[in-house]
Amino acid sequence: MEIFAKRLMATATSTLGKKKIDLFYDVLSPYTWFAFETLMRYKNHWNIEVTLKPMLLAGVNQATGNKPPGLVPNKAIYMNSDLARCATYFNVPFKMPEDPFEMIMVKGSLIPNRFLTAIDMLYPEHLEAASRALWISGWSRGEDFTQPAILAKAGQTAGLSKDQLLKIQEHMTHQATKDRLRAYTDQAIQYGAFGSPTIIYHKNGSPQLFFGSDRFPILAQEIGEEWRGPQPNSTDSKL
Ligand SMILES: N[C@@H](CCC(=O)N[C@@H](CS)C(=O)NCC(=O)O)C(=O)O
């Protein structure tokens, strides 16, 4: 009981006074990978508490009437070179998959999002590593992360045991998991999301929305922290 009280106190103290940030994200979005890694690096440098919230980008697009930028031919051409430049800037091992159209428009991200949602519900301490493993799988190795074997491999990379992965697989089919994914997607839309990444800074209880991996200098200004580029510490782990 005493240990429990001590741990509770430690958790409360460690999050006390921290600026609250939500990252609404879909691993189907390569730009979101850059934002995710940057926020994870800054967790150790800024006085922030980041909550990871997997959401379905297709649901956001449907609700807002937005569409994937790759559907505008000139944007698709632009993104092809811009993503490569950004990958160097953010030091993320992005590699364009062979058929991004099939990946985004045909296969989508319902399955990987349910996988991440189930992990968040059952083993939240593995969510960050599992999200990273899925981005590496889809947007670095060109793997199909809608396939159970690829999900299992990503889960193992994230430190989940075979037994835990079986529970996750089962949990993915539960209504509660589907409802949670929808709830986070709806929450993002209510905050005003129209794409991924959507970063919400809760400024004295008032949500401020930032869209994109290119908003960090502005986010830093608004939260009163210093932007020191995408790698605030040269000892930050390299992917
Ligand atoms: N300028 C943003 C672009 C982010 C972006 O294009 N995200 C896509 C998904 S990969 C999206 O949701 N776009 C919606 C929109 O541009 O309206 C960045 O650098 O991160």
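Quick note: structure is the one above.
Heads up: these notes are all about the structure in this document. (Residues numbered from 1 in each chain as written. Predicted model: local features only at pLDDT ≥ 70, side-chain atom pairs only at ≥ 80, totals over all residues. Heavy atoms only, no water.)

Thoughts on the overall build of the protein
Within the protein one finds 11 helices and 4 strands. At 18 Å, the protein has a C-alpha radius of gyration in line with the 18 Å of a compact globule built from 239 residues. For the protein, the proportion of its 239 residues judged to be buried stands at 45%. Nonlocal contacts in the protein, meaning residues at least 24 apart in sequence, comprise 74% of its contacts between residues at least 6 apart. Roughly 12400 Å² of accessible area belongs to the protein as shown, and the carbon and sulfur atoms make up 56% of that amount. Between the centroid of the 26 positive side chains of the protein and the centroid of its 23 negative side chains there is a distance of 2 Å. (Helix = DSSP H or I, 4+ residues; strand = E, 2+ residues; numbered from the N terminus. Rg over C-alpha atoms; globule rule 2.2 N^0.38 Å. Buried < 20%, exposed > 50% of the residue type's maximum accessible area, 1.4 Å probe, protein only. Contact = heavy atoms within 4.5 Å. Areas by Shrake-Rupley, 256 points an atom, 1.4 Å probe, with all protein chains shown as cover. Lys, Arg positive; Asp, Glu negative; His and termini not counted. Charge placed at Lys NZ, Arg CZ, Asp CG, Glu CD.)

With respect to the sheet that holds strand 4 (residues 206–211)
Within the open sheet, the 4 strands sit side by side as 2-1-3-4. Their pairing is mixed. Two strands lie at the open edges of the sheet, namely strand 2 (48–54) and strand 4, each paired on one side alone. The sheet shows a mean angle of 25 degrees between the axes of neighbouring strands, taken without regard to direction. Here 7 bridges tie strand 1 (residues 19–25) to strand 2, and the two strands are oriented parallel to one another. Bridging from a neighbouring strand, I21 pairs with V50 of strand 2. Along the sheet face, helix 2 (residues 30–42) touches strand 1, strand 2 and strand 3 (198–203) and points at about 150 degrees away from the line of strand 2. Sitting on the sheet, helix 11 (residues 216–223) is in contact with strand 1, strand 2, strand 3 and strand 4, with an inclination near 10 degrees to strand 3. (Pairing = 2+ DSSP bridges. Axes fitted to C-alpha atoms, helices over the stretch in contact; angles between N-to-C directions.)

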